[in-house]
Amino acid sequence: MDKSRNRTLYFDVIKILAMLLVIYTHSGEYGAGRFALLHAEGGWSFYAHLTGNVVCKVAVPLFFMVSGALLLDKEESLLYLLRKRVCRFALVLVLFTVLQFAWRSCTTGTPFYIAPAVNQILAGYGSVSGWAYPASYWFLYAYLVFLLFLPIHRKMVQNMSIEHFVYVLILSFLFLAILPMLCCLSNHGRAIAPQILGYTGFLGQWILYPTLGYFIAKRIPHSFISRRILLILGGASVLSVLIALLLTAWNISVEPIRDAHLHLLHKGFIIIPSCFIFVSFRRLFQKIESCSLSGRFILFFSQLSLCVMLLEENSRFIIKNLIINHIHTPPTITSTCYIFLSYFLACFIGSILRMIPGVKRIL
């Protein structure tokens, strides 16, 4: 009971928000992709949905920041890490990857062969022989890499000073935001990756954001997070999103819309908004007790985050075909229903699966 009372619930709130943003990101015309349908029309609706496309990119950084805050200060043996974390997570991921290929075989009417599924697991995110991961699975495989490098990552962050963390933040913004912006400006709106980015692997999401999450949660005292700090971070976040919005609007006016281009133009400018959300939630939800009604509500949905990540594509498919395709409501209402119903359905399926003996331990 004492352990439950001392649980830091703002991590759980962040996970719920991030999971909803993941579903929004993958919802196509009902979510982050709707701006592409409104591109020709322009107007406030186009820019509102384009802003949503930028802001939703904080979902994966937030997940990694929570993971860094929870795991990077722990002391575990290599055997425990490999047996309890890496192997267990890898087993779940591989099993569900194969099940997803079987699901697609059933829903599309195509034959299911185990070889393409195995090839996909070995080859990584993308497409092999016409098969592809569910959209959210690339994060799960990246998270597996994060777990594998935990012992090294822990030694690194635990021996870093505040100046080192600030240095990493500045380098990240320089390489991931400023340089792509300058390349976009010098190439008249075209998204071209600076060559130097190929040598900055340490700025990958599975390194950068866990480090920032650990720093904010473990090194910054709660008293430091004043209203003034939140206003400064909030203003910087709005400016970052605005710059990414303008660069994106310019880019899609001179060349076709491509996810790779959007990712290049957005990934640096979501660093500050991600930190702002993390810091804000730490201040807002620090005092919620897990034994309260609201605390139990938050814990219930937060503990299903992995299940939702594994099942969100399936739940979106079911909701779209059973409900969304048969209703005629304004786009905003339709999108909201689609995202929340998909989330709740994935939570429901996940909670049923966790009732199976032994499954709760791995999910």
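Residues numbered from 1 in each chain as written. Predicted model: local features only at pLDDT ≥ 70, side-chain atom pairs only at ≥ 80, totals over all residues. Heavy atoms only, no water.

(A) Spotlight on a nonpolar patch on the surface. A cluster of nonpolar side chains, namely L82, L148, F149 and I152, defines an oily patch on the protein surface of about 380 Å² accessible area. Positionally, L148 belongs in helix 8 (residues 137-148). A relative accessible area of 46% means that L148 is categorised as partly exposed. (Patch = residues over 30% accessible without salt bridge, like charges linked within 9 Å, V, L, I, M, F, W, Y side chains within 5 Å. Areas by Shrake-Rupley, 256 points an atom, 1.4 Å probe, with all protein chains shown as cover. Salt bridge = Lys/Arg side-chain N within 4 Å of Asp/Glu carboxyl O. Helix = DSSP H or I, 4+ residues; strand = E, 2+ residues; numbered from the N terminus. Buried < 20%, exposed > 50% of the residue type's maximum accessible area, 1.4 Å probe, protein only.)

(B) The nonpolar core, seen in detail. Among the nonpolar cores identified, the biggest contains 77 residues, and F278 and Y343 are the most heavily contacted of them. A per-element tally of this core places helix 2 (residues 9-25) first, with 12 residues. Those residues in contact with F278, other than ones at most four positions away along the chain, are Y10, F11, I14, L62, M65, V66, A69, G213, I216 and A217. If you look at the next biggest cluster of nonpolar residues, it comprises 11 residues, including A177, C184, L247 and L265. (Core = buried A, V, L, I, M, F, W, Y, C linked by side-chain atoms within 4.5 Å. Contact = heavy atoms within 4.5 Å.)

(C) Fine view of the layout of surface pockets. Of the pockets and cavities examined, the largest pocket occupies roughly 1,500 Å³. Considering the residues around the largest pocket, the lining is formed by 38 residues, among which R7, K15, L70, R85 and Y143 are closest to the centre. Listing elements by their share of the lining of the largest pocket, those giving two or more residues are helix 1 (2-5), helix 2, helix 5 (59-71), helix 6 (78-108), helix 8, helix 15 (293-302), helix 16 (305-322) and helix 18 (359-362). Broken down by class, the residue content of the lining of the largest pocket amounts to 18 nonpolar, seven polar and 13 charged. By volume, the second largest pocket is sized at about 940 Å³. Forming the boundary of the second largest pocket are 35 residues, of which T25, K57, W138, D259 and H263 lie nearest the centre. Secondary-structure elements contributing two or more residues to the lining of the second largest pocket are helix 2, helix 3 (34-37), helix 5, helix 8, helix 11 (205-219) and helix 13 (259-266). (1 Å grid on protein atoms, 1.4 Å probe; cavity = no way out; pocket = protein on both sides within 12 Å on 5 of 7 lines; lining within 4 Å. Points joined across faces, edges and corners; volume = space filled by probe spheres on them. Nonpolar A, V, L, I, M, F, W, Y, C, P; charged D, E, K, R; others polar.)

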